[in-house]
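A look at the structure
Residues per chain are reported as follows:
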Amino acid sequence: MFLHLYHNDLDDKEHLAIVFGNSIRSRSLDEVRPGETEMDRMIRGAYVGKLHPGRVSSWYDEQTEREGSAGASGNGTPAQSAESRDNKAPLVRIHSECYTGETAWSARCDCGEQLDEAARLMSFPLETLSDVSNQNVSPVLSNSAGGVIIYLRQEGRGIGLGEKLKAYNLQDLGSDTVEANLLLRHPADARSYGLATAMLVDLGLGVNEHPEGIRLLTNNPDKVRAIEGLNREVVVKERVPMVPLAWSTGGQKGIKSMEIEGYLRTKVGSLS
Ligand SMILES: [Zn+2]
């Protein structure tokens, strides 16, 4: 698993790509930057394989070659990994930061659960995943092509943490999640996905480099169009639904609260 950080011109935040598997690499990360040493390259993450004491080159790693992983030197890319990448579209999940749901255990939304579930689905190899998916309502295909969680720093559907907490208080006073945002003079959903499209292209998953496309984990058909970009820079081959654990297990698992039921109803009804 790799973590790639992205800076951008639109905001001052570091957006993240959480990458599963070793077939997906960031083009901008691997680019040679003027004036940098091999040590600079390695510590900023531009290396293939594992770091270990004594390693001196970011390009060639004897241990990696022996393990048969993809090598940036060009010698170590086995036919098998190229083949599996060609045959399968990687699973992609676009996730927006939710401090309350992921870190503070808030029961008002299912963001923490969805983030965990996406990572779980991307962590399983082909055979295991089909067993695991039997527990769910709909089976999820293998992730042998790897997976990416694009983690966008747009808290509270893009309105920020402070405003989100105000919206929560309005919800306690009787508004639903969409009405609360509108009362605060924010759009119902202030998120944008242009950065996600650009990050996917940088990860080699754009249509030019990866015509097989991606499989997008989402319940929201509008997200498919948003991620594909204005000129269809990325192609979503398939939409894979994310079923809340509480629904797929008849309430046995997953987050439970009065608030979450209302949140999911509004999400399905207003935002689809
Ligand atoms: Zn949330």
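Scroll up for the structure.
Note that the structure is a prediction, hence the values are computed from the model and not measured. (Residues numbered from 1 in each chain as written. Predicted model: local features only at pLDDT ≥ 70, side-chain atom pairs only at ≥ 80, totals over all residues. Heavy atoms only, no water.)

Thoughts on the overall build of the chain
The helix and strand inventory of the chain stands at 13 helices and six strands. As displayed, the chain offers around 14300 Å² of accessible surface, 55% of which is attributable to carbon and sulfur atoms. (Helix = DSSP H or I, 4+ residues; strand = E, 2+ residues; numbered from the N terminus. Areas by Shrake-Rupley, 256 points an atom, 1.4 Å probe, with all protein chains shown as cover.)

Observations regarding the sheet that holds strand E2 (residues 15–20)
Taken in spatial order, the six strands of this open sheet run E1-E2-E4-E3-E5-E6, and their pairing is mixed. Unpaired on one side and paired on the other, strand E1 (2–6) and strand E6 (236–240) mark the two borders of the sheet. Here the average twist between neighbouring strands, direction ignored, is 25°. Note that strand E5 (residues 214–217) and E6 share four bridges and pair parallel. Among the inter-strand pairings, Leu216 is bridged to a residue of E6, identified as Arg239. Each of E1, E2, strand E3 (91–96), strand E4 (147–152) and E5 touches helix H10 (residues 194–202); the most contacted strand, E4, lies at about 145° to it. (Pairing = 2+ DSSP bridges. Axes fitted to C-alpha atoms, helices over the stretch in contact; angles between N-to-C directions. Contact = heavy atoms within 4.5 Å.)

Topic: the packing of aromatic side chains
Here the distance between the centres and the angle between the planes together describe a pair of aromatic rings. What the rule picks out here adds up to one aromatic pair. The ring of Phe2 has Arg25 sitting right over it, with the charged end atom 5.6 Å from the ring centre. (Phe/Tyr/Trp six-rings, centres within 6.5 Å; stacked < 30°, edge-to-face > 60°. Lys NZ or Arg CZ within 6 Å of the ring centre and 35° of its normal.)

Some remarks on a nonpolar patch on the surface
Judged by side-chain polarity, Val32, Trp59 and Tyr60 come together as a nonpolar surface patch covering roughly 300 Å² of accessible area. Residue placement: Trp59 occurs in the loop between helix H2 (38–43) and helix H3 (62–67). Under the relative-accessibility criterion, Trp59 is labelled partly exposed at 32%. (Patch = residues over 30% accessible without salt bridge, like charges linked within 9 Å, V, L, I, M, F, W, Y side chains within 5 Å. Salt bridge = Lys/Arg side-chain N within 4 Å of Asp/Glu carboxyl O. Buried < 20%, exposed > 50% of the residue type's maximum accessible area, 1.4 Å probe, protein only.)

A look at the environment of Arg44
Mapped onto the secondary structure, Arg44 falls in the loop between H2 and H3. Exposure remark for Arg44: the relative accessible area of 22% places this residue in the partly exposed category. Taking the C-alpha atoms as reference, Arg44 lies 9.8 Å from Asp30; in sequence the two are 14 residues apart. With near-sequence residues (within four places) excluded, Arg44 lies in contact with Ser28, Leu29, Glu31, Arg33 and Glu36. A polar contact is formed between the side chain of Arg44 and the backbone oxygen of Glu31, at a distance of 2.9 Å. (Polar contact = N/O pair within 3.5 Å; in protein donor to acceptor, adjacent residues only side chain to side chain.)

Focus on the side chain of Ser175
Along the chain, the position of Ser175 falls in the loop between helix H8 (161–172) and helix H9 (177–183). The residues touching Ser175, leaving out its near neighbours within four places in the chain, are Leu170, Ala180 and Leu183.

Considerations on the coordination of the zinc ion
Coordination sphere of the zinc ion, protein contribution only: Cys98 (SG), Cys109 (SG) and Cys111 (SG), at 2.1 to 2.2 Å. One chain supplies every donor for the zinc ion, spaced along it as C-x10-C-x1-C. Separated by 13 residues along the polypeptide, Cys98 in the loop between E3 and helix H5 (99–102) and Cys111 in helix H6 (residues 111–123) bring together distant segments of the chain. Pair check on accessibility: Cys98 and Cys111 agree, each one buried. (Donors = N, O, S within 2.8 Å, 3.2 Å for Na, K, Ca; no water.)

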